[in-house]
Amino acid sequence: MTDAVRYSREGAIGLIEVVNPPVNALGQAVRAGISAAIRQGIADPDAKVLVIYGEGRTFMAGADIREFGKPPMPPILGEVINEIEACPKPTVAAIHGTALGGGLETALGCRFRVALKGSKVGLPEVKLGIIPGAGGTQRLPRVAGVANALEMITSGRHVPVEEALTLGIVDAVVDGTDVKAAGIAFARRVVDEGLDAPAVRDRDDKLAAARADRSIFEETRRKLARSMRGRMSPQKAVDAVEAAVDLAIDQGLKRERELITECMESSQRAGLVHAFFGEREVAKVPGMSKDVPVRPVKKAAVIGAGTMGGGIAMCFANAGIPVTVVETSQEALDRGLGRVRNNYDISARRGRYTPEQVDGLMALFTPALDLAAVAEADIVIEAVFESMDVKKEVFRKLDAVAKPGAVLATNTSYLDVDEIAAVTSRPADVLGMHFFSPANVMKLLEVVRGAKTADDALKTALEIGRKLGKVAVVAGVCDGFIGNRMLKTYKTQMDYVMEDGALPQEIDAAITGFGFPMGLYAMGDLAGLDIGYMTRRREDATRPADARYVAIADRLYELGRLGQKTGAGWYRYEDGRTPIPDPEVEAIILEESGKKGINRRAFGADEILTRALCALVNEGAKVLAEGIALRPVDIDMVWLFGYGFPAYEGGPMFWADRRGLDKVLADIRGFADHDPKSWQPAPLLVELAEAGRTFKEWSDAR
Ligand code: 3HC
Ligand code: NAI
């Protein structure tokens, strides 16, 4: 046996304990250990029943994801589970925490499953670009039926054990916190009451419905083609479950193995695993000691109850943190909190909250018209107009009224956090917390570290981000931080492509074809074209006279085409939200190209996409070299969680590493031949491409 699995016995019960913190992942040592422990249990003459459980906070949370992409290390999990299932003595899985992926598959190899209340089970493999590969697609339909298994496997949902009990996945749900005791108690019942159950592989009754009516498979495939557009593994999961219905179990297991192997080798798997670890990695700030304390946050305040302020305040309330909301007039305050209430009421109508819960949430908001009301807040987030003068005024006042040690954050999208911090007597407490719209929904939070921001203030902001359910990424101070700065470069390139020959719908089709949920211009219509217009007017004073300026968006604005809210923008909207290409827009584009004497040409989707991605990567390389992003993975997570970059591509920097930086550079140089001004290869990209290295290698070596 290995150190990762211990065998012991209490009376007639053989105990197999998995000890592989933090989540008892089923790495090679655990697999080998379980296999050895099963054999030891079989050989132990006094053991009548064997119980498998996990030490620490959870049952097994699945295969060890760090082993993906490496050569297989025997024994493979499927064989170990077959061994458990073939064990001549009854086996009991005692579940606490989460039994996920290979963890649930291990439990399904046992005769019985008992779970502590509050724990969860699931097969979340599709989220990693694979399918269950240790029998989950064959055994889950046998206990839960084909429809339930398809739903669970293709969604990857974590199912509460109370629901799993009704689905037939677990046999008992018990109170208590001691999983070993729960396992032993259940095993005693097996001995004393002679409880018996067939091995899951021998059960067939729940497959009958799908055998009689196979339409569920096509229907599921059709739905997934829409809801998981571009994703390979959910479709493969349906194939695997269908094999459970068509084939004998051993053939079904073999088919599952073939299908997971295809998924394992796919770039989607690589991208999604990068996303899994990336989401966790960004929480760790290189160079910051573990000993840096987090300041306690019990009360929050938000200044401004507009689009962003209301959403940010909701995040605090949702996390159970009381929040004071400050506005300049009673009317603005009523409007802002009215919108918040309305949002909660909509959620309540959808069944997410009871009316009492909505009242409870609203009770966490304290409206105020005087900034002095923030005096007790441990963190204050300013979300007033995007104007340096207004923000400075607010921070001067905050400095006078906020309590010592309060974290003072600005939600600015572009402005200089250091300049804002400088008007206070406590720049060490000042930083940016850049939420994305709608703030109560979007998962990204850029935490902007100013030149003087203290480590503990930064750590507190990151910790608050985590509590609010966000993926918080550290960014440095520059115009637009990580995300909006890169977005600007990419959008500028797409505007050039439009002026040179493509239509918005062609550009958007190239982008959504890659996997973004929305095109750039459809997204612009959603956000409103007035925001960009105002920004451009602010930039007029500083824009170099010889800069190429595409005026198409200004023309739309001047016609009152502000996007979805006016029924027209880059597209026309008949039902308020479905973009319809508009000949009027095409005429404006042709006219603007004509004014500059541009000989418009056709752009294929590939060229558009390559330009879009190269623009992102080139600017990303500059962001990295300047230290605005700490690592390439930080850029990737900004794009995944803030801008809809397809998770299965891993993010722009991961995409570039996989494509090969030499190829990316060659493309950029090709574009630069025609437009050297806007396509200057980032020095870091040139250096790495010429050395045959990747962004990740560069980052890991630092
Ligand atoms: N393999 C390797 N490492 C894992 C892991 C896994 N399956 N699951 C979690 N970890 C690591 C995390 O990376 C993290 O490492 P870090 O501390 O160095 O950053 C640490 O364990 C703790 O994880 P979390 O921070 O996510 O802890 P939480 O308590 O927030 O969440 C969890 C726990 C719900 C179990 C969550 O970690 C999770 O969802 N894990 C993945 C579960 C999963 O996808 N399982 C299926 C794997 S694929 C499979 O089983 C294939 C099979 O069919 C053959
Ligand atoms: P908004 O115009 O919807 O709301 C601003 C609110 O601030 C208004 O209700 C206004 O009455 C209030 N306000 C102004 N001065 C105030 C003061 N001195 N004290 C208290 N309240 C005051 O603006 P929005 O869109 O919410 O933007 C706010 C900030 O968030 C800006 O800095 C913006 O750049 C940033 N941001 C906006 C995003 C968006 O998509 N709208 C996304 C991310 C950041």
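The name recorded for the protein chain in an unreviewed UniProt entry is 3-hydroxyacyl-CoA dehydrogenase, from Thalassobaculum fulvum. UniProt lists a comment for the protein chain under the heading Subcellular location (unreviewed entry), and it reads "Peroxisome". Per its UniProt entry, the protein chain bears the Pathway (unreviewed entry) comment "Lipid metabolism; fatty acid beta-oxidation."

Undergrad: Lay out the site of ligand 1 with the relevant residues and their values.
TA: Residues in contact with ligand 1 amount to 26 residues; listed here are only the nearest, Gly102, Glu105, Glu125, Arg280 and Lys284. Glu105 places a polar side-chain atom, nitrogen or oxygen, 2.8 Å from an oxygen atom of ligand 1. Between ligand 1 and the protein, one listed contact pairs an oxygen atom with a backbone N or O atom of Gly133 at 3.0 Å. Notes on ligand 1: free accessible area 990 Å², of which the protein chains cover 75%. Of all the secondary structure elements, the ones that give two or more residues to the shell around ligand 1 are β5 (98–100), α3 (102–109) and α12 (267–281). Per-element tally for the shell around ligand 1: the top contributor is α12, with 3 residues. The residue inventory of the shell around ligand 1, partitioned by class, reads 14 nonpolar, 5 polar and 7 charged.

Undergrad: Before we move on, could you go through the confidence of the model for the protein chain and cite the residues and values that matter?
TA: Across the protein chain, the average pLDDT comes to 97, with 100% of residues at or above 70. Scored as a whole, the predicted complex attains pTM 0.96, and scored at its interfaces, ipTM 0.97.

Undergrad: Describe unusual backbone geometry, with residues and values.
TA: A cis amide bond, omega 5°, links Pro21 with the succeeding residue Pro22. With a phi close to 55°, Asn24 is a non-glycine residue in the positive phi region. For Asn24, the location among the structural elements is in the loop between β2 (13–18) and α1 (28–43). Not every positive phi belongs to a glycine, and Phe481 is a case in point at roughly 55°. Structurally, Phe481 can be placed in the loop between β17 (471–476) and α19 (483–500).

Undergrad: Which residues make up the sheet that holds strand β4 (residues 91–95), and what values do they have?
TA: Neighbouring strands of a sheet are bound in pairs by backbone hydrogen bonds; such pairs are parallel or else antiparallel. The mixed open sheet is built from 6 strands, whose spatial order is β1-β2-β3-β4-β6-β9. Among the strands making up the open sheet, the edge pair consists of β1 (5–10) and β9 (172–174). Each neighbouring strand pair of the sheet contributes to a mean axis angle of 25°, computed without reference to strand direction. Sheet topology note: the β4/strand β6 (residues 112–116) ladder contains 4 bridges and is parallel. Each residue of the ladder has a partner; that of Ile95, found in β6, is Ala115.

Undergrad: So what about the site of ligand 2? Which residues, and what values?
TA: Close to ligand 2 lie 21 residues; Met308, Glu327, Glu386, Lys391 and Ser413 are nearest. Note that an oxygen atom of ligand 2 is positioned 2.6 Å from one of the side-chain N or O atoms of Lys391. Between ligand 2 and the protein, one listed contact pairs an oxygen atom with a side-chain N or O atom of Asn411 at 2.9 Å. Bound to the protein, ligand 2 loses 78% of the 820 Å² it would expose on its own. Taken together, the elements giving at least two residues each to the shell around ligand 2 come down to α13 (307–318), α16 (388–401) and β15 (430–435). With 3 residues, α16 is the single largest residue contributor to the shell around ligand 2. Taken together, the residues that form the shell around ligand 2 break down as 9 nonpolar, 9 polar and 3 charged.

Undergrad: How would you summarise the UniProt feature "domain: 3-hydroxyacyl-CoA dehydrogenase C-terminal" (unreviewed entry) in the protein chain if you had to cite specific residues and measurements?
TA: Taking the numbering used here, the UniProt-annotated feature "domain: 3-hydroxyacyl-CoA dehydrogenase C-terminal" (unreviewed entry) corresponds to residues 480–573 and 608–694. Between the end C-alpha atoms of residues 480–573 there is a gap of 30 Å, over a span that is 59% helix and 2% strand. Helix makes up 70% of residues 608–694 and strand makes up 0%, while its end C-alpha atoms are separated by 24 Å.

Undergrad: So, the packing of aromatic side chains: which residues are in play, and what are the values?
TA: Counted by the stated rule, this structure contains 12 aromatic pairs. Centre to centre, the rings of Phe436 and Tyr643 are 5.5 Å apart; their planes meet at 80°, and the pair counts as edge-to-face. Of the two residues, Phe436 sits in the loop between β15 and β16 (444–449) while Tyr643 sits in helix α26 (residues 632–643), which places them 207 residues apart along the sequence. By relative accessible area, Phe436 is classed as buried at 7%. The buried category is assigned to Tyr643, whose relative accessible area is 12%. When the ring of Tyr521 is compared with that of Trp570, the centres are 4.7 Å apart and the planes differ by 65°; the resulting orientation is edge-to-face. Residue Tyr521 is located in helix α21 (residues 520–527), and its partner Trp570 is located in the loop between α23 (552–558) and β18 (572–573); the two are separated by 49 residues in the primary sequence. One aromatic cluster is present, built from ring pairs that chain together Phe436, Tyr490, Trp639 and Tyr643. For Arg280, the ring lying beneath its charged end belongs to Phe276, and the centroid distance is 3.8 Å.

Thresholds, definitions, all that
- Residues numbered from 1 in each chain as written.
- Chains lettered and ligands numbered in written order.
- Predicted model: local features only at pLDDT ≥ 70, side-chain atom pairs only at ≥ 80, totals over all residues.
- Heavy atoms only, no water.
- UniProt positions renumbered as here; feature names shortened; annotations may be inferred.
- Near = heavy atom within 4 Å.
- Polar contact = N/O pair within 3.5 Å; in protein donor to acceptor, adjacent residues only side chain to side chain.
- Areas by Shrake-Rupley, 256 points an atom, 1.4 Å probe, with all protein chains shown as cover.
- Helix = DSSP H or I, 4+ residues; strand = E, 2+ residues; numbered from the N terminus.
- Nonpolar A, V, L, I, M, F, W, Y, C, P; charged D, E, K, R; others polar.
- pLDDT = per-residue confidence, 0-100.
- Pairing = 2+ DSSP bridges.
- Axes fitted to C-alpha atoms, helices over the stretch in contact; angles between N-to-C directions.
- Phe/Tyr/Trp six-rings, centres within 6.5 Å; stacked < 30°, edge-to-face > 60°.
- Buried < 20%, exposed > 50% of the residue type's maximum accessible area, 1.4 Å probe, protein only.
- Lys NZ or Arg CZ within 6 Å of the ring centre and 35° of its normal.

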